[in-house]
Amino acid sequence: EDQVTQSPEALRLQEGESSSLNCSYTVSGLRGLFWYRQDPGKGPEFLFTLYSAGEEKEKERLKATLTKKESFLHITAPKPEDSATYLCAVQMGTGNQFYFGTGTSLTVIP
Amino acid sequence: GAGVSQTPSNKVTEKGKYVELRCDPISGHTALYWYRQSLGQGPEFLIYFQGTGAADDSGLPNDRFFAVRPEGSVSTLKIQRTERGDSAVYLCASSLTAQGYGYTFGSGTRLTVV
């Protein structure tokens, strides 16, 4: 069965304390893996798309990487404004829908 | 408009009533998607439109749910005989193409069925 699993469910970091969020997937015919950020009461905001194993993307303090079975979202020296839920989603086969994980709720404490 | 607009932002309805949720996508975006997000969960796919036609409605949970996009822009998600289990945030997203990048979500409509 196709699955997208994110860990941890919740993460509390001190400001400046780097860490990584994990998204593991068991899907057939992966077309793309996507990271989104979601703030309370808002829709998901697009961060990155990764298409093939070994690919990396960076944006400010965030860096996303992809292997054949999982993706990591690395957060370097996080700030309180990085607090949000981070969602991972995959697109596979010929379909256009996204399959989302349940997200990691990140809290960065000043 | 500059972003995807969804109205209303909040809707409270009684069990058994009919509701309509509206999505106004980014101008020129041909692909439009509806997702449903329950508390503590990731968004769950409902339906995808390419232009005016529903290209994939495999995520609609049952025949109480229906969506239209008559002119290829604004879309309406319609729910008949609402049930308490329908309570969730309904998200709409649009994109220029069917590819995943450039997929912009609205802020959603929070539906509460009492």
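See the structure above.
Residues numbered from 1 in each chain as written. Chains lettered and ligands numbered in written order. Predicted model: local features only at pLDDT ≥ 70, side-chain atom pairs only at ≥ 80, totals over all residues. Heavy atoms only, no water.

Caption draft 1: Broad picture of the sheet that holds strand β8 (residues 70-75) of chain A. Residue and element names in this part refer to chain A. An order of β1-β3-β8-β7-β6 is seen for the five strands of this open sheet, with the pairing classed as antiparallel. On the outer flanks of this sheet lie β1 (3-7) and β6 (56-59), each paired with one strand and no other. Between one strand axis and the next, the sheet turns by 15 degrees as a mean value, whatever way the strands run. As defined by bridge partners, β6 adjoins strand β7 (residues 62-66) across four bridges and the pair is classed as antiparallel. Its bridge partner lying in β7, Glu-56 is registered against Thr-65. (Pairing = 2+ DSSP bridges. Helix = DSSP H or I, 4+ residues; strand = E, 2+ residues; numbered from the N terminus. Axes fitted to C-alpha atoms, helices over the stretch in contact; angles between N-to-C directions.)

Caption draft 2: The layout of surface pockets, seen in detail. By volume, the largest pocket amounts to about 640 Å³. What lines the largest pocket is a set of 30 residues, among which Gln38(A), Gln37(B), Leu39(B), Gly40(B) and Arg110(B) lie closest to the centre. Counting only elements with at least two residues in the lining of the largest pocket, the list comes to β9 (84-92) and β11 (104-109) of chain A together with β9 (88-95) and β11 (109-113) of chain B. Sorting elements by how many residues they give to the lining of the largest pocket places β11(B) first, with four residues. Split into classes, the residues belonging to the lining of the largest pocket amount to eight nonpolar, 18 polar and four charged. Of the voids in this model, the second largest pocket is the one considered here, and its volume is about 340 Å³. (1 Å grid on protein atoms, 1.4 Å probe; cavity = no way out; pocket = protein on both sides within 12 Å on 5 of 7 lines; lining within 4 Å. Points joined across faces, edges and corners; volume = space filled by probe spheres on them. Nonpolar A, V, L, I, M, F, W, Y, C, P; charged D, E, K, R; others polar.)

Caption draft 3: Seen up close, unusual backbone geometry. Following Ser7(A), the chain continues to Pro8(A) via a peptide bond in cis, the omega torsion being -10 degrees. Within the secondary structure, Pro8(A) is located in the loop between β1 and β2 (10-14). The peptide bond linking Thr7(B) to Pro8(B) adopts the cis configuration, its omega dihedral lying at -10 degrees. By secondary structure assignment, the location of Pro8(B) is in the loop between β1 (5-7) and β2 (10-13). Look at Glu60(A): it is not a glycine, yet its phi comes out positive at around 55 degrees. By the secondary structure assignment, Glu60(A) is in the loop between β6 and β7. Positive phi, normally seen in glycine, also occurs at Ala77(A), with a value near 45 degrees. Secondary-structure assignment places Ala77(A) in the loop between β8 and β9.

Caption draft 4: Quick look at the pairing of β8(A). All names here are of chain A. Residue alternation in β8 divides its side chains into a buried set, Ser-71, Leu-73 and Ile-75, and an unburied set, Glu-70, Phe-72 and His-74. Of the pairings in the sheet, the one linking strand β3 (residues 19-26) to β8 comprises six bridges and is antiparallel in character. Directly across from Ser-19, in β8, lies its bridge partner Ile-75. Note: β7 against β8, five bridges, orientation antiparallel. Across the sheet, Leu-66 pairs through a bridge with Ser-71, a residue of β8. Hairpin connection, β7 to β8: the antiparallel pair is bridged by three residues. (Buried < 20%, exposed > 50% of the residue type's maximum accessible area, 1.4 Å probe, protein only.)

Caption draft 5: Spotlight on the state of the cysteines. Across all of its chains, the model carries two disulfides over all chains by this definition. Disulfide pairing is shown between Cys23(A) and Cys88(A); the S-S distance is 1.9 Å. Between Cys23(A) and Cys88(A) the sulfur-sulfur dihedral comes to about -55 degrees; the bridge is accordingly left-handed. Of the two residues, Cys23(A) is situated in strand β3 and Cys88(A) in strand β9; the sequence distance between them amounts to 65 residues. As far as the burial class goes, Cys23(A) and Cys88(A) line up, both buried. Covalently, Cys23(B) is tied to Cys92(B) through a disulfide, its sulfur atoms 1.9 Å apart. On the sign convention where negative is left-handed, the bridge of Cys23(B) and Cys92(B), at about -65 degrees about the S-S bond, is left-handed. In this pair, Cys23(B) sits in strand β3 (residues 19-24) while Cys92(B) sits in strand β9, placing the two residues 69 residues apart along the sequence. Look at Cys23(B) and you get buried, because its relative accessible area is 0%. (Disulfide = S-S within 2.5 Å.)

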